[in-house]
Amino acid sequence: MPRPKFDYTLNYAELNLRQQPELYRVGIGEQGVLLVQPYKGEILPYWKFATPEKARESSEKIYGLFLEYLAAGDFVGADMARKFLQMGYTRARRYANHKGGKKYDGPVPDDKKGQSGAHGRAELPRAPEDPVKAEAARIFKAKWDEAEANPEYATQKKEWKGRYG
């Protein structure tokens, strides 16, 4: 059975998913990471990946929030923190591979804004790898892997999917 995707039809600007957690869908990968409030507002200020030092500080802070959300039984918050760790890795890798971070040719189609993916656009050629951004990516990947391997996260995720799909 295919995993339910993130519901982009909801008006996230007006929703507080801490108050209405049943509306949250895990989705695939980073889906919804820059939409779901209040978590976006709580986590985004700490999300930095420009240098290994910033990546280390950022990933440790976000992982700390991940643990706090888990301890509070707030799976939505924990999953959002996990998504920010994943996004730290993917964005740093993008900048490691593409100078300036632009991966695809042309603008995102209006009906796809806020969603990840190529959306029919060609991938731009890769530049020589930027070792600073590659190290930042490695730092985020380690914390993302740590979050994914957390037994309490696995338990809460299973319970969440059993309850809400």
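Residues numbered from 1 in each chain as written. Predicted model: local features only at pLDDT ≥ 70, side-chain atom pairs only at ≥ 80, totals over all residues. Heavy atoms only, no water.

Student: So, the overall build of the protein chain: which residues are in play, and what are the values?
Tutor: For the protein chain, the helix and strand inventory stands at five helices and zero strands. Secondary structure elements in the protein chain, listed N-terminal to C-terminal, are α-α-α-α-α. Expressed as a percentage of the 165 residues in the protein chain, the buried residues total 38%. Put simply, of all contacts in the protein chain between residues at least 6 apart along the chain, 68% involve residues at least 24 apart. For the protein chain, the exposed surface amounts to about 9100 Å²; the carbon and sulfur share of it is 53%. (Helix = DSSP H or I, 4+ residues; strand = E, 2+ residues; numbered from the N terminus. Buried < 20%, exposed > 50% of the residue type's maximum accessible area, 1.4 Å probe, protein only. Contact = heavy atoms within 4.5 Å. Areas by Shrake-Rupley, 256 points an atom, 1.4 Å probe, with all protein chains shown as cover.)

Student: Any chance you could break down the nonpolar core for me, citing the residues and the numbers?
Tutor: In this structure, Tyr 24, Val 36, Ile 43, Phe 66, Met 80 and Phe 84 are the most contacted members of the largest nonpolar core, which totals 36 residues. Within the residue set of this core, elements represented by two or more residues are helix 1 (39-43), helix 2 (52-71), helix 3 (75-97), helix 4 (131-148) and helix 5 (151-164). Counting residues per element, this core draws most heavily on helix 3, at nine residues. What Val 36 contacts, discounting residues up to four positions off in sequence, is Phe 6, Tyr 12, Leu 17, Tyr 24, Val 76 and Met 80. (Core = buried A, V, L, I, M, F, W, Y, C linked by side-chain atoms within 4.5 Å.)

Student: Go over helix 5 with me, naming the residues and quoting the values.
Tutor: For the α-helix, the turn length of 3.6 residues means that residues three or four positions removed from each other point alike. Given a rise of 1.5 Å per residue, 14 residues ought to cover 20 Å, and the 20 Å separating the end C-alpha atoms of helix 5 matches this to within 8%. Of all the positions in helix 5, only Tyr 153, Gln 156 and Trp 160 are classed as buried. Considered in projection along helix 5, the buried side chains sweep an arc of 70° and stay on one side of the axis. Opposite its buried face, helix 5 presents the exposed residues Pro 151, Lys 158 and Gly 162, each directed more than 90 degrees away. (Expected span 1.5 Å × (residues − 1). Arc of directions from axis to C-beta.)

Student: Please give an account of the confidence of the model for the protein chain that cites residues and values.
Tutor: Confidence along the protein chain averages 88 in pLDDT terms, with 90% of residues attaining 70 or more. Summarising per-element confidence for the protein chain, the mean pLDDT is lowest in helix 3 (92) and highest in helix 2 (98). (pLDDT = per-residue confidence, 0-100.)

Student: Requested: an account of the packing of aromatic side chains, with residues and values cited.
Tutor: Scanning the entire structure with this criterion turns up 13 aromatic pairs. Aromatic side chains Trp 47 and Phe 49 sit 5.1 Å apart centroid to centroid with 55° between the ring planes, which places their arrangement in the tilted category. Each ring, one from Tyr 89 and one from Trp 144, has its centre 5.7 Å from the other, and the planes form 35°; the classification is tilted. You can see Tyr 89 sitting in helix 3 and its partner Trp 144 sitting in helix 4, a full 55 residues away along the chain. (Phe/Tyr/Trp six-rings, centres within 6.5 Å; stacked < 30°, edge-to-face > 60°.)

Student: Describe the pattern of salt bridges, and please don't skip the residues or the numbers.
Tutor: Oppositely charged side chains can form a pair if their charged atoms are brought close together. All chains considered together, the criterion is met by eight salt bridges. Between Arg 18 and Asp 74 there is a salt bridge; the shortest N-O distance is 3.6 Å. Highlighted residues: Arg 18 in the segment before helix 1 and Asp 74 in the loop between helix 2 and helix 3, separated in sequence by 56 residues. Under the relative-accessibility criterion, Asp 74 is labelled buried at 15%. Note that Arg 82 and Asp 79 form a salt bridge whose closest N and O atoms lie 3.0 Å from each other. You can see Arg 82 and its partner Asp 79 sitting in helix 3, three residues apart, about one turn around the helix. Judged by relative accessible area, which is 3%, Arg 82 ranks as buried. (Salt bridge = Lys/Arg side-chain N within 4 Å of Asp/Glu carboxyl O.)

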